[in-house]
Amino acid sequence: MSKKFYITTPIYYPSASPHLGHAYCTTMCDIIARGKRMRGFETYFLTGLDEHGEKIQENAEAKGVTPQEFVDEVAVKFTSLWKTMGISNDDFIRTTQPRHYETVKKIFSSFIKNDDAYLGAYKGWYCVHEESYWTETQVGPEHVCPECGRPVVEKEEPSYFFRCGKYVDELLKLYDENPTFITPEGRKAEMVNNFIKPGLNDLCITRTTFDWGIPVKEAEGHVIYVWLDALTNYISALGYLQEDDSKFQKFWNDPESEIVHVIGADITRFHTIYWPMFLKALNLREPNRVFVHGLMMMKDGKMSKSKGNVIPVPPLVDRFGVDAVRYYLAREIIFGQDGQFTPEQFVERLNADLANNLGNLLNRSVSMINKYFDGVIPEYKGELNDLDKNLKETAEKTIKAYEVLSDDLKVTESYGAVMDLVSAANKYIEESAPWALAKDPSKAEELASCMSHLANAIFVAGMLLSPILVTKSEKIFDQLGVDASMRNYETATKFGVLGGQKVVKGDQLFPRLDVEAEVQFIKDLMAAPKEKAAA
Ligand code: MSP
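All of these numbers come straight from a predicted model, not from anything done at the bench.

Cut-offs and rules
- Residues numbered from 1 in each chain as written.
- Predicted model: local features only at pLDDT ≥ 70, side-chain atom pairs only at ≥ 80, totals over all residues.
- Heavy atoms only, no water.
- Pairing = 2+ DSSP bridges.
- Helix = DSSP H or I, 4+ residues; strand = E, 2+ residues; numbered from the N terminus.
- Axes fitted to C-alpha atoms, helices over the stretch in contact; angles between N-to-C directions.
- Parallel < 35°, antiparallel > 145°, perpendicular 65-115°, else oblique.
- Contact = heavy atoms within 4.5 Å.
- Nonpolar A, V, L, I, M, F, W, Y, C, P; charged D, E, K, R; others polar.
- Near = heavy atom within 4 Å.
- Polar contact = N/O pair within 3.5 Å; in protein donor to acceptor, adjacent residues only side chain to side chain.
- Areas by Shrake-Rupley, 256 points an atom, 1.4 Å probe, with all protein chains shown as cover.
- Core = buried A, V, L, I, M, F, W, Y, C linked by side-chain atoms within 4.5 Å.
- Buried < 20%, exposed > 50% of the residue type's maximum accessible area, 1.4 Å probe, protein only.

To continue, consider the sheet that holds strand S15 (residues 339–340). Strand order in the open sheet made by the three strands is S14-S13-S15, with mixed pairing throughout. For this open sheet the edge positions go to strand S14 (301–302) and S15, each flanked by a neighbour on one side alone. Across two bridges, strand S13 (residues 296–298) lies against S14 in antiparallel orientation. Looking across to S14, one finds that Met297 is bridged to Lys302.

This is the structure we're talking about:
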């Protein structure tokens, strides 16, 4: 039976057009999902939209449309972006869908029935932007939101509360027993010290001051708090408490299924404190991991529309290709750490890794196989010398390292290892000096071995890179003349399977970019929305 793997992105607020920051998280999840599928895991990849809440209602009013019309319009932009980025999600959940409503209402009723929720009154400092209440201490003397720094307002409303106290001990036990539940582990201390230790208040889970949300069946005028509504998407999308819950049984209820939520650092509290508590109340297992990625920053801070520093994705993909943009995101920003986007690093990374290292390797190898062997990859006959042995061992070690690192969600490092194999193959060419072997008829076997080792190493690297290079890995296989039946992980990772294929010289995989011109192109892209915002 194949292993099961369930991966989710946060569901995004359709409050504005998506930008590279949103694309970052979804692309990383897509790379992980494709990597698992490639290796034979039965994989389910979910993304979607978080469409309720006061902020959306306000945005819609400002535009003079209904909230539903507003979110429908923005939803199209998100689905279109996922198409542009080559995202292979299995489902797209929107919290305004009936299937989601059904589950959330039932969950809420079960909280009341089991005394996990009770009716009280809430008074506190509220941040509209974060849709969060804060205590007096948290907002400080300036009365600003500790998360986003915006001014907060004092609010009172009758509300239902979730009894957090019931589950705090179990939560801490979960952290202890599963040290990777919050990954990277460094994020855990922040949750424990800043939120749990000072005392966790019961969480207010309904609102009465606006109506753009899922209505509470038990109390008229209450809508369900947007975070309870949103977090539930991870199980409503699988059919939890719905007629057909087969996906839920397969990907959530089965203890053998690995569940990973990938989120940005800004929403760690909800995913690592409240979400496991809700699941405990429902008597459901927790995800194996909540992976917290860093934010993509610009030189002047966080990417935001008001700063005019957002990078629109479609023109970037149009110019550089989807593979290049995906590669940049996976390799330049270390998954789990904050990263900074600069046009210079973007162009340089693509030139160094894709044009010079990978593209060149393929180009040189195919040319030499054409020149010395009439385009036919020589049969693989094992290693003739230390250089051959070394390359084969490097390829085999890379496959192992790739698997271990990617299972540990060290995405950047896992593809770093693959690119090291590509560098090793380039170095192998220099050290084997096939051009010299070709001049000496007594070295014919060594020359053949060299070409066959190269082709096989490229096949391995091309396969391992395929979760990122969604179109170019196929071009690599085309140039190596690999038959469709061989284009799978199992075959490619048995070093030495290539031999007898006819190579086909193709276009340059990744043309070398003119640094100055391309940097200017990106700078112009960044400037465009600023002008619009000012207008
Ligand atoms: N709707 C909530 C999430 C609910 S999940 C049950 C939300 N939405 S959001 O659209 O504001 O942000 C969602 C995620 O988008 C962040 O957690 C992060 O993964 C991603 N990013 C948004 N801007 C980003 C950057 N500038 N950089 C990296 N990721 C960014 O919070």
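Moving on, we get to the packing of helix H13 (residues 322–332) against helix H16 (residues 411–432). Running from N to C, H13 and H16 point in directions that differ by 110 degrees, and their axes come no closer than 8 Å. With respect to each other, H13 and H16 are oriented roughly perpendicular. Side by side, H13 and H16 meet where Tyr327, Ala330 and Arg331 of the first sit next to Thr412, Tyr415, Gly416 and Met419 of the second. When its residues are assigned to classes, the contact of H13 with H16 shows four nonpolar, two polar and one charged.

Near the ligand there are 24 residues, and of these Ile11, Asp50, Gly264, His293 and Met296 occur at the shortest range. The separation between an oxygen atom of the ligand and a polar main-chain atom of Tyr13 is 3.1 Å. Contact between the ligand and Gly264: an oxygen atom at 3.0 Å from a main-chain N or O atom of the residue. Protein contact buries 94% of the 670 Å² of open area that the ligand shows by itself. When contributions to the shell around the ligand are tallied by element, the ones reaching two or more residues are strand S1 (4–12), helix H1 (20–38), helix H8 (226–231), helix H9 (233–236) and strand S11 (258–264). By residue class, the composition of the shell around the ligand is 14 nonpolar, eight polar and two charged.

Below, the discussion takes up the nonpolar core. Within the largest apolar cluster, 110 residues are counted, with the highest numbers of intra-cluster contacts made by Leu20, Phe341, Phe346 and Leu358. With 13 residues, the single largest contributor to this core is helix H18 (residues 444–465). If you look at the next biggest cluster of nonpolar residues, it comprises 60 residues, including Phe162, Val226, Phe248 and Trp252.

All right, on to the sheet that holds strand S6 (residues 153–162) then. Within the open sheet, the four strands sit side by side as S5-S4-S6-S8. Their pairing is antiparallel. Looking at strand neighbours, the two that pair on one side only are strand S5 (132–134) and strand S8 (203–204), the edges of this open sheet. Of the strand pairs in this sheet, S6 and S8 are connected by two bridges, and their pairing is antiparallel. Note that in S8 the partner of Phe162 across the bridge is Leu203.

Relative orientation of the contacting elements helix H7 (residues 186–196) and helix H11 (residues 268–281) amounts to 75 degrees, with a least axis distance of 11 Å. In terms of orientation, H7 lies roughly perpendicular with respect to H11. The segment H7 lies against H11, with Met191, Phe195 and Ile196 engaging Thr268, Arg269, Thr272 and Ile273. Across the contact of H7 with H11, the residue classes break down as four nonpolar, two polar and one charged.

Spatial relationships are all this shows, so hold off on functional conclusions.
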